[in-house]
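A closer look at the structure
One-letter residues, chain by chain:
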Amino acid sequence: MAIDIKAIEEHIRGILIALGDNPEREGLKDTPKRVAKMYEEVFKGMTYTNDDIASMFNVTFEDDLDIKNSNNDLVFMKDIEIFSHCEHHLALMYNMKVAVAYVPNKKVIGLSKIARIADMVGRRLQLQERIGTDIAEILQKITESEDVAVIIQGEHGCMTTRGIEKPGTKTITTTLRGRFNTDPILNNKLMMLYTK
Ligand SMILES: [Zn+2]
């Protein structure tokens, strides 16, 4: 569903009034418009389902992998930088780094596509855990491999600027699917690569 820019403008204006400010003053008069435009960008991922994103970035190379990967070869990519917004406070989640691993089954996805998938699911009202499950689900669809792992670290504005106010607090979440859950060797390999 498309984002309703006009409605966002109206509501932001209402928030400015509720804060006790004057939405007509010079510095604020275009703020509702600017916020709405920004929201359109930073919440772009809300206009797509995981299936949509999977078909958008479904560019794979099948040629080289006609042997069944019975060992623990894996593709690992880390330090993909994304941002997101937490759905509990609409607060920015920042300094986020995503690491993704999968065991190729027969399809290998272009590496730049993995980064774009991570970026797109971040552009939703999110929970850090769900960013991980969204990325894993999309990668499973594209690569047709069950064995996918996503590790995310990030700082949450709602943690670092309010409440207990602990700047620098990092949250780390892991999403392990398929053999990353059950195969200790594969799991060790993942952790080795992640901490390297
Ligand atoms: Zn929050």
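Cut-off values and rules
Residues numbered from 1 in each chain as written. Predicted model: local features only at pLDDT ≥ 70, side-chain atom pairs only at ≥ 80, totals over all residues. Heavy atoms only, no water. UniProt positions renumbered as here; feature names shortened; annotations may be inferred. Helix = DSSP H or I, 4+ residues; strand = E, 2+ residues; numbered from the N terminus. Buried < 20%, exposed > 50% of the residue type's maximum accessible area, 1.4 Å probe, protein only. Contact = heavy atoms within 4.5 Å. Areas by Shrake-Rupley, 256 points an atom, 1.4 Å probe, with all protein chains shown as cover. Lys, Arg positive; Asp, Glu negative; His and termini not counted. Charge placed at Lys NZ, Arg CZ, Asp CG, Glu CD. Pairing = 2+ DSSP bridges. Axes fitted to C-alpha atoms, helices over the stretch in contact; angles between N-to-C directions.

Looking at an unreviewed UniProt entry, one finds the protein chain named GTP cyclohydrolase 1 and attributed to Clostridium yunnanense. Its UniProt record gives the protein chain the following Pathway (unreviewed entry) comment, quoted word for word: "Cofactor biosynthesis; 7,8-dihydroneopterin triphosphate biosynthesis; 7,8-dihydroneopterin triphosphate from GTP: step 1/1." Recorded in UniProt under Subunit (unreviewed entry), the annotation for the protein chain is "Homopolymer."

For the protein chain, the count of helices and strands is eight helices and seven strands. Its C-alpha atoms put the protein chain at 65 × 35 × 20 Å along the principal axes. Looking at the protein chain as a whole, 44% of its 196 residues qualify as buried. Considering only contacts within the protein chain whose residues lie at least 6 apart along the sequence, 71% involve residues at least 24 apart. Summing over all exposed atoms, the protein chain offers an accessible surface of approximately 10,900 Å²; the carbon and sulfur share of this is 54%. In the protein chain, the 26 positive side-chain charges and the 29 negative ones have mean positions that sit 3 Å from each other.

What follows deals with the sheet that holds strand β3 (residues 92-102). The mixed open sheet is built from five strands, whose spatial order is β5-β2-β3-β6-β7. Taken across any chain shown, the strands that pair with only one partner, and hence form the sheet edges, are β5 (125-126) and β7 (171-176). Taken together, the eight bridges between β3 and strand β6 (residues 148-156) define a ladder with antiparallel strand orientation. Its bridge partner being in β6, Y102 is matched across the sheet by V148. The strands touched by helix α4 (residues 111-122) are β2 (75-86), β3 and β5; relative to β2, the strand with the most contacts, the crossing angle is about 20 degrees.

Taken together, the eight bridges between β2 and β3 define a ladder with antiparallel strand orientation. By the bridge assignment for β3, S84 is matched with M93. Adjacent in sequence and paired antiparallel, β2 and β3 are bridged by five residues, among which L90 carries a positive phi angle near 55 degrees. Direction of pairing for β2 relative to β5: parallel, over a ladder of two bridges. For C86, the partnering residue across the bridge sits in β5 and is Q126.

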